[in-house]
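Residue-level structure breakdown
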Number of protein chains: 2
Amino acid sequence: MGKISVVGIGTGNLDEMTPKARKAIESAEVVAGYNTYIKLIEKILVGKKIIGRAMMQEVERSQLAIQEALSGRNVAVISSGDAGVYGMAGLVLEMILNLPEENRPQFEIIAGVSAVNAAAAILGAPLMHDFAIISLSDLMTSWELIKRRVSSAAQSDFVIALYNPKSKRRTTQLAEVQKILLEFRDKNTPVGIVTNAGREGESKTISTLENFIQEEVNMFSLVIIGNSQTFVKDNFMITPRGYDL
Amino acid sequence: MGKISVVGIGTGNLDEMTPKARKAIESAEVVAGYNTYIKLIEKILVGKKIIGRAMMQEVERSQLAIQEALSGRNVAVISSGDAGVYGMAGLVLEMILNLPEENRPQFEIIAGVSAVNAAAAILGAPLMHDFAIISLSDLMTSWELIKRRVSSAAQSDFVIALYNPKSKRRTTQLAEVQKILLEFRDKNTPVGIVTNAGREGESKTISTLENFIQEEVNMFSLVIIGNSQTFVKDNFMITPRGYDL
């Protein structure tokens, strides 16, 4: 029986991948992951069998990976950022636990630098106080629940980080989210947008709650909305923790 | 003028620190951080000047670090986990930006594997859906606001991760939080506790909302409370994202 490692690769820049993650990938004979992420780390994948599938086929990809492990190979299933945050960890783990105990491959989950942490470091220090992470993808979550979460988080002054803020298909949600946030938070609240963190074409924009939806946002963007204390200075976004300076 | 790098070291296990973080520490002549974290990575600190201070003196420690950089040395200010999450990034950045522009050292923030991601990987995959991060430390945040955040996050079915759940001084808050959560969430909701993630003495406990406050929790613990969909199987905690298996 082989072993499956579900690995968070961080931004995709090898300099931001932990040694533990890198070792798991290097010692795997088979690597499974979305094509975009496979390409980011192809330098360390030479000679390995690659299971690279389009974004929408996570279940099939996981099944193939598990089959490889069951036939004796070591497999790394990769996710960008941290595999445990909207990544592959839950799906692979659940599928393995659905197998009879005697037929399960060994498995481990290796944490990575999460996209929100990578984006925050580029913006300054926007996550220094309590924050909420919300994905705007309504593929598997109802839009009503997503809006309810945005509203709750806004009401109790969480910093809010939005994953999957926009895609080709989903273009109107960010404006709906903005409207909800404006009910509870000042229009000058800082909003940071980081696209392609740690990758080619990395960009950073700091805007306001009133104006941020006019900025370029795509499926490789992460949006961070400040709380009532967040401020901007010299193009850095800071949420103070409360030290007396 | 020297340079200040504010560095997230991850769990403290060198195998879980990114190469970028390690290089920044290795190329620093001065390293500042809380004694506990300095000790975790002392192997790579040989020959460096150490500014190690007790937990409560973050402002003084940052000031000393900035002075060192201003006198021409390269300085690494370290935080466990990610420096941008209840760590040193915000404080150091704010203090640097308070200096006149021509008198500022160069600085950078290097993201690390956040404590919540490290704990989640040990528990299974509890963070696969929207989640809220709340610190129970009321040193610089009012207890009323903390409770309001717990209540909001509970009402809209966020997975909730609690930082600083308990200290020697603060022993009653976890029970208050439990009471709030029980208003909105089933008593059998899974609760995971990880103490000393990635370090000597690492422990993992999976309990329920009804019973978790009877478990050992201390200042090195992270507590993760599931949402309405979270389940436990064979001692792993999973919040499904919604795939049809």
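In short, a report on the structure. (Residues numbered from 1 in each chain as written. Chains lettered and ligands numbered in written order. Predicted model: local features only at pLDDT ≥ 70, side-chain atom pairs only at ≥ 80, totals over all residues. Heavy atoms only, no water.)

A separate point is the packing of helix H6 (residues 143–155) of chain B against helix H7 (residues 173–184) of chain B. Residue and element names in this part refer to chain B. Where H6 meets H7, the axes come as close as 9 Å, and the angle between the chain directions of the two elements is 30 degrees. Where H6 crosses over H7, the two elements pack in a sense that is right-handed. Contacts from Trp143, Lys147, Val150, Ser151, Ala154 and Gln155 of H6 reach H7 at Gln173, Glu176, Val177, Ile180, Leu181 and Phe184. Of the residues belonging to the contact of H6 with H7, the class tally is 7 nonpolar, 3 polar and 2 charged. (Axes fitted to C-alpha atoms, helices over the stretch in contact; angles between N-to-C directions. Helix = DSSP H or I, 4+ residues; strand = E, 2+ residues; numbered from the N terminus. Left-handed = near helix turned anticlockwise from the far one by under 90°. Contact = heavy atoms within 4.5 Å. Nonpolar A, V, L, I, M, F, W, Y, C, P; charged D, E, K, R; others polar.)

Residues and elements named next belong to chain A. In this structure, Ile238 sits in strand E13 (residues 236–238). Residue Ile238 is classed as buried on the basis of its relative accessible area of 0%. A C-alpha to C-alpha distance of 8.3 Å links Ile238 and Gly226, two positions 12 residues apart in sequence. (Buried < 20%, exposed > 50% of the residue type's maximum accessible area, 1.4 Å probe, protein only.)

Turning chain B through 180 degrees and shifting it by 0.0 Å along the axis lays it on chain A, with an RMSD of 0.0 Å. Here the transformation between the copies is reduced to the relation of a two-fold axis. Taken together, the interface assignments show that 100% of the residues at the interface of chain B recur at the interface of chain A, consistent with an identical surface on both copies. (Least-squares fit on C-alpha atoms with pLDDT ≥ 70 in both.)

A word on the sheet that holds strand E12 (residues 231–233) of chain B. Taken in spatial order, the 3 strands of this open sheet run E6-E13-E12 (chain B), and their pairing is mixed. Where the open sheet ends on each side, the last strands, each with one partner, are strand E6 (124–125) and E12 of chain B. As paired strands, E6(B) and strand E13 (residues 236–238) of chain B are joined by 2 bridges and run parallel to one another. Bridge pairing in E13(B) links B:Gly124 to B:Met237. Contacts from helix H4 (residues 89–97) of chain A reach E6, E12 and E13 of chain B, with the element oriented near 125 degrees to E13(B). (Pairing = 2+ DSSP bridges.)

In this section: the side chain of A:Asn117. With respect to the secondary-structure elements, A:Asn117 resides in helix H5 (residues 115–123). In contact with A:Asn117, not counting residues within four places along its chain, are A:Leu127, B:Asp82, B:Val85, B:Ala111, B:Gly112, B:Ser114 and B:Asn117.

All names here are of chain B. Turning to helix H1 (residues 19–26), its buried residues are Ala21, Ala24 and Ile25. Here the buried residues of H1 occupy an arc of 95 degrees about the axis, which is enough to place them on one side. Packed against the buried residues of H1 are strand E1 (3–8), strand E2 (30–34), strand E4 (75–79) and strand E5 (106–110). (Arc of directions from axis to C-beta.)

Time to look at the environment of B:Ile225. All names here are of chain B. Note that Ile225 resides in strand E11 (residues 221–225). Accessibility expressed as a relative area gives 0% for Ile225, which makes it buried. In this structure, the C-alpha to C-alpha distance between Ile225 and Phe212, residues 13 residues apart in sequence, is 9.7 Å. Those residues within four positions of Ile225 in sequence are excluded, and the remaining contacts are Val159, Ile160, Leu162, Leu181, Arg185, Thr189, Pro190, Val191, Leu209 and Met237.

Taken in spatial order, the 10 strands of this open sheet run E10(A)-E9(A)-E11(A)-E8(A)-E7(A)-E7(B)-E8(B)-E11(B)-E9(B)-E10(B), and their pairing is mixed. Two strands close off the open sheet at either side, each with one partner strand: strand E10 (203–208) of chain A together with strand E10 (203–208) of chain B. Taken pair by pair, the neighbouring strands of this sheet meet at an average axis angle of 15 degrees, ignoring direction.

Time to look at the packing of aromatic side chains. Ring pairs (aromatic) are described by centroid distance and by the angle formed between their planes. The final tally for this structure, using the stated rule, is 6 aromatic pairs over all chains. Where B:Tyr34 meets B:Tyr37, the ring centres are 5.4 Å apart and the plane angle is 70 degrees; that geometry is what we call edge-to-face. With a relative accessible area of 15%, B:Tyr34 lands in the buried category. Against the face of A:Phe236 rests A:Lys204, its NZ or CZ located 4.3 Å from the ring centre. For the cation-ring pair, B:Arg149 lies above A:Phe158, with the distance from its terminal atom to the ring centre recorded as 5.6 Å. (Phe/Tyr/Trp six-rings, centres within 6.5 Å; stacked < 30°, edge-to-face > 60°. Lys NZ or Arg CZ within 6 Å of the ring centre and 35° of its normal.)

As a further point, take the pattern of salt bridges. Going through the model one piece at a time under the given rule, you end up with 26 salt bridges over all chains. Close ionic contact of B:Arg73 with B:Glu68 constitutes a salt bridge, the shortest N to O distance being 2.8 Å. Residues joined in a network through salt bridges with shared partners are A:Asp130, A:Asp157, A:Arg185 and B:Arg149. (Salt bridge = Lys/Arg side-chain N within 4 Å of Asp/Glu carboxyl O.)

Here we take up the interface of chain B and chain A. Taken together, the contact pairs 69 residues of chain B with 70 residues of chain A. Buried area between chain B and chain A, both sides added, is near 6200 Å², and the carbon and sulfur share of it is 60%. Here B:Arg149 makes a salt bridge to A:Asp157, at a shortest N to O gap of 3.9 Å. For the pair chain B and chain A, the interface holds 34 residue pairs in polar contact (both at pLDDT 80 or more). When its residues are assigned to classes, the side of chain B that touches chain A shows 36 nonpolar, 18 polar and 15 charged. As paired strands, strand E7 (residues 131–135) of chain A and strand E7 (residues 131–135) of chain B are joined by 3 bridges and run antiparallel to one another. The residue of E7(B) that forms the bridge with A:Ala132 is B:Ala132. (Buried area = accessible area lost by both parts, 1.4 Å probe. Polar contact = N/O pair within 3.5 Å; in protein donor to acceptor, adjacent residues only side chain to side chain.)

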